[in-house]
Amino acid sequence: MSDRGQPRWSTGVDIEAALALIDEWIVPQGPAGAGAVVWHRGEVVASRYAGEARPGVPVTAETIFGMASITKPIAATTVMTLVERGLVSLDESVVRLVPDFRMRPGEDGTGIVPELERMRPTITVRQLLAHASGLPEDLAARDDRYPEPTDLDTIVTAMCRAPLQSAPGARVRYSNTGYGVVTRLVEEVTGESFWTVTRRNVLDPLGLPDIVARPGADLAIRLAIVGDAAQAGTAVEMYNSDYWRSLAVPWGGLFGTPAAAVRFAAAFLS
């Protein structure tokens with residue numbers, strides 16, 4: 001920002017006025033709080049925070065939001081660090097790297113289309129990352145996912161064994177399930193937990209301590225409550241329950257500040 005509080009670049013747009021529009025989002029039928037950050041030429045040049053993170057606690061630059069599916073690009077970057085190290089090839093067959101990804105005939109025939117399953121060995125790491133593997137979106141509809149406390153390893157194993165819904169590479173089908181398989185792939189290749197690898201290979205090198213998996217009690221005061229969460233009011237409420245936060249699903253379980261999220265995105269700019 002300049003000394004007068006105006007952006008240091010000329011865009012023909014009043015950035016501060018544009019950011020101030022988020023104040024109008026904070027209405028009874030909208031979000032309780034929001035934050036926005038503008039990155040330009042290597043730095044955060046403007047930001048705006050409005051509303052409450054939780055009752056009585058205003059949103060600030062320190063507020064940590066549920067990142068939901070912004071988790072996926074970070075998970076994909078973890079895989080790409082393994083590609084850089086020559087541990088994984090993007091066009092490698094996933095079944096070679098992830099034994100659990102091989103369909104076991106006779107275990108459960110529900111939803112299986114034999115002609116699709118014969119194509120399973122052709123699915124590549126690239127197709128998993130690009131939502132083109134043919135796997136379903138998830139194990140169930142949004143409001144029916146993980147209705148009882150379940151550990152991440154059990155969920156990922158079920159995702160590895162999920163039947164294909166379309167031919168690999170034939171169409172884009174947004175898939176949490178594919179990123180469940182990515183989770184197992186990283187752990188099989190490295191012998192370490194997914195988040196250990198992500199922290200060491202991605203988050204720490206980029207200087208992102210404000211993007212976290214499994215936020216503990218020390219961060220509780222900084223966490224924003226997510227509105228309209230699935231399983232609201234239960235012990236497994238998405239994003240807001242201790243259970244969900246500790247589950248840390250690599251397709252939607254990270255938490256972070258807007259500034260940390262934009263800093264991650266900026267790492268891909270030339």
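Everything here concerns the structure above.
The structure displayed is predicted, hence computed values, not measured ones.

Draft legend 1. View of the side chain of T124. Mapping T124 onto the fold places it in the loop between α4 (114-117) and α5 (125-129). If we skip the residues at most four places from it in the chain, T124 touches L90, D91, E92 and V94.

Draft legend 2. Just the nonpolar core, in detail. Counting 52 residues, the largest nonpolar core has V125, I211 and W251 as its most contacted members. Counting only elements with at least two residues in this core, the list comes to α2 (71-84), α3 (94-97), α5, α6 (152-160), α7 (176-190), α8 (194-203), α9 (242-247) and α10 (258-266). With near-sequence residues (within four places) excluded, I211 lies in contact with M67, I74, R199, L203, L254, F255, G256, A260, A261 and F264. L19, I22, A36 and A46 belong to the second-largest nonpolar core, a separate cluster that totals eight residues.

Draft legend 3. Here's a closer look at the pattern of salt bridges. A full pass over the atoms with the stated rule returns eleven salt bridges. Put simply, D210 and R222 hold a salt bridge, and the shortest N to O gap is 3.3 Å. Residue D210 is found in the loop between α8 and β5 (211-212), and its partner R222 is found in the loop between β5 and α9; the two are separated by twelve residues along the sequence. It is possible to trace a salt-bridge network through shared partners that takes in D100, D153, R161 and R184.

Draft legend 4. Geometry of α6. All buried positions along α6 are accounted for by L152, I155, V156, T157, M159 and C160. Packing partners of the buried residues in α6 comprise α7 and α9. Among the residues of α6, the N-terminal cap falls to D151, whose side-chain oxygen and the backbone nitrogen of D153 are separated by 3.1 Å.

Draft legend 5. Fine view of the packing of α2 against α7. Where α2 meets α7, the axes come as close as 11 Å, and the angle between the chain directions of the two elements is 35°. The two elements α2 and α7 meet at a crossing, and its hand is left-handed. In this structure, α2 contributes K72, A75, A76, T78, V79 and L82 to the contact, and α7 contributes N176, Y179, V182, V186, V189 and T190. Partitioned by chemical class, the residues of the contact of α2 with α7 number eight nonpolar, three polar and one charged.

Basis of the calculations
Residues numbered from 1 in each chain as written. Predicted model: local features only at pLDDT ≥ 70, side-chain atom pairs only at ≥ 80, totals over all residues. Heavy atoms only, no water. Helix = DSSP H or I, 4+ residues; strand = E, 2+ residues; numbered from the N terminus. Contact = heavy atoms within 4.5 Å. Core = buried A, V, L, I, M, F, W, Y, C linked by side-chain atoms within 4.5 Å. Buried < 20%, exposed > 50% of the residue type's maximum accessible area, 1.4 Å probe, protein only. Salt bridge = Lys/Arg side-chain N within 4 Å of Asp/Glu carboxyl O. Polar contact = N/O pair within 3.5 Å; in protein donor to acceptor, adjacent residues only side chain to side chain. Axes fitted to C-alpha atoms, helices over the stretch in contact; angles between N-to-C directions. Left-handed = near helix turned anticlockwise from the far one by under 90°. Nonpolar A, V, L, I, M, F, W, Y, C, P; charged D, E, K, R; others polar.

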